[in-house]
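One letter stands for each residue in the lines below.
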Amino acid sequence: NYYNTVGYRDAKIVYDTVVVKPTGVVDVKIKVEEGNKYYFGNITFKGNTKYTSDVLSTQLGIKKGDVYNAELLQKRINGDMENGDISSLYYDDGYLFFNINPIETAVYNDTIDIELRVNEGSQATIKNIIIDGNDKTNEHVIRRELRTYPGDKFSRSNLIRSQRELANL
């Protein structure tokens, strides 16, 4: 996994052994074949209509020539809510059914081209908010802490903020 984060996506362990010496010392021998170091090539978007490819590329924050890191790519697509990932753009604008799949379209020399296939889906609207199980707090107190309301478009950040504020309550 470490090798994959620094560009060596073909790295593999070709040999390993553990030798226990009579003194109790343990020797671990590992032979690693790193392979070539790879870099991001062209990164293209397909299927996006809500946001332009330039906007999505800026949000992704990975440029042609950067060291290839599949873990960072996944994080920038769907898992970096604090620094802004591509999914946050869509989830905060009602696209609850959005998904994006990175596909390696070409591998040549030390470069990997990526196509990000976007499926935006349709926007979701909040229909009902049901509050159940509250024994100690009045419902109107809970409702005033909510950042999501019936009729609003789905927003992941508003939902998370509501959850945090209710937990603090």
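Higher on the page you've got the structure.
Rules used throughout
Residues numbered from 1 in each chain as written. Predicted model: local features only at pLDDT ≥ 70, side-chain atom pairs only at ≥ 80, totals over all residues. Heavy atoms only, no water. Helix = DSSP H or I, 4+ residues; strand = E, 2+ residues; numbered from the N terminus. Rg over C-alpha atoms; globule rule 2.2 N^0.38 Å. Contact = heavy atoms within 4.5 Å. Areas by Shrake-Rupley, 256 points an atom, 1.4 Å probe, with all protein chains shown as cover. Lys, Arg positive; Asp, Glu negative; His and termini not counted. Charge placed at Lys NZ, Arg CZ, Asp CG, Glu CD. Pairing = 2+ DSSP bridges. Axes fitted to C-alpha atoms, helices over the stretch in contact; angles between N-to-C directions. Expected span 1.5 Å × (residues − 1). Buried < 20%, exposed > 50% of the residue type's maximum accessible area, 1.4 Å probe, protein only. Phe/Tyr/Trp six-rings, centres within 6.5 Å; stacked < 30°, edge-to-face > 60°. Lys NZ or Arg CZ within 6 Å of the ring centre and 35° of its normal.

Enquirer: Hey, could you run me through the overall build of the protein chain in this one?
Expert: Across its full length, the protein chain holds six helices and five strands. Taken over the C-alpha trace, the protein chain has a radius of gyration of 23 Å; the compact-globule value for 169 residues is 15 Å, which it surpasses by more than 25%. Based on the C-alpha atoms only, the size of the protein chain along its principal axes is roughly 70 × 50 × 20 Å. Contacts in the protein chain between residues at least 24 apart in sequence constitute 57% of all its contacts with a sequence separation of at least 6. Just so you have it, the protein chain exposes about 11200 Å², and 47% of that area is on carbon and sulfur atoms. Within the protein chain, the 24 negative side-chain charges are centred at a point lying 1 Å from the centre of the 22 positive side-chain charges.

Enquirer: Is there a simple way to explain the sheet that holds strand β3 (residues 39-46) in this structure?
Expert: Whenever strands of a sheet pair, they do so through backbone hydrogen bonds, lying parallel or antiparallel. Taken together, three strands build an open sheet; the order of strands is β3-β5-β4 and the sheet is mixed. Only two strands of the sheet have a single partner each, and these edge strands are β3 and β4 (99-108). The mean inter-strand angle of the sheet, taken between neighbouring strand axes irrespective of direction, is 25°. Looking at chain direction, β3 and strand β5 (residues 111-119) are connected through six bridges and run parallel. When the bridges of β5 are listed, Phe45 appears paired with Leu116. Those strands touched by helix α2 (residues 53-60) are β3 and β5, and its axis lies near 140° from that of β3.

Enquirer: Hey, could you run me through helix α6 (residues 156-168) in this one?
Expert: Note that an α-helix has 3.6 residues per turn; residues three or four places apart therefore point the same way. Between its first and last C-alpha atoms α6 spans 18 Å; for 13 residues at 1.5 Å apiece the expected length is 18 Å, and the two agree. Taken as a whole, α6 has its buried residues at Arg156, Ser162 and Glu165. Check the buried side of α6 and you find it contacts α3 (70-78), α4 (86-91) and α5 (139-145).

Enquirer: What is the right way to look at the packing of aromatic side chains in this model?
Expert: To describe a pair of aromatic rings, one takes the distance between the centres and the angle between the planes. Within the structure shown, the criterion is met by seven aromatic pairs. Both rings, one in Phe40 and one in Tyr68, keep their centres 5.0 Å apart while their planes meet at 50°; by these two values the pair is tilted. In this pair, Phe40 sits in strand β3 while Tyr68 sits in the loop between α2 and α3, placing the two residues 28 residues apart along the sequence. When its relative accessible area of 1% is taken as the criterion, Phe40 is described as buried. Overall, Tyr68 belongs to the buried group, its relative accessible area being 5%. Centre to centre, the rings of Tyr51 and Tyr90 are 5.0 Å apart; their planes meet at 90°, and the pair counts as edge-to-face. Of this pair, Tyr51 sits in the loop between β3 and α2 while Tyr90 sits in helix α4, and the two are 39 residues apart along the sequence. Look at Tyr51 and you get buried, because its relative accessible area is 18%. An aromatic cluster is built from Tyr51, Tyr90, Tyr91, Tyr95 and Phe98, whose rings are joined through pairwise contacts. Across the ring face of Tyr51, the terminal group of Lys50 is positioned such that the distance to the ring centre comes to 5.9 Å.

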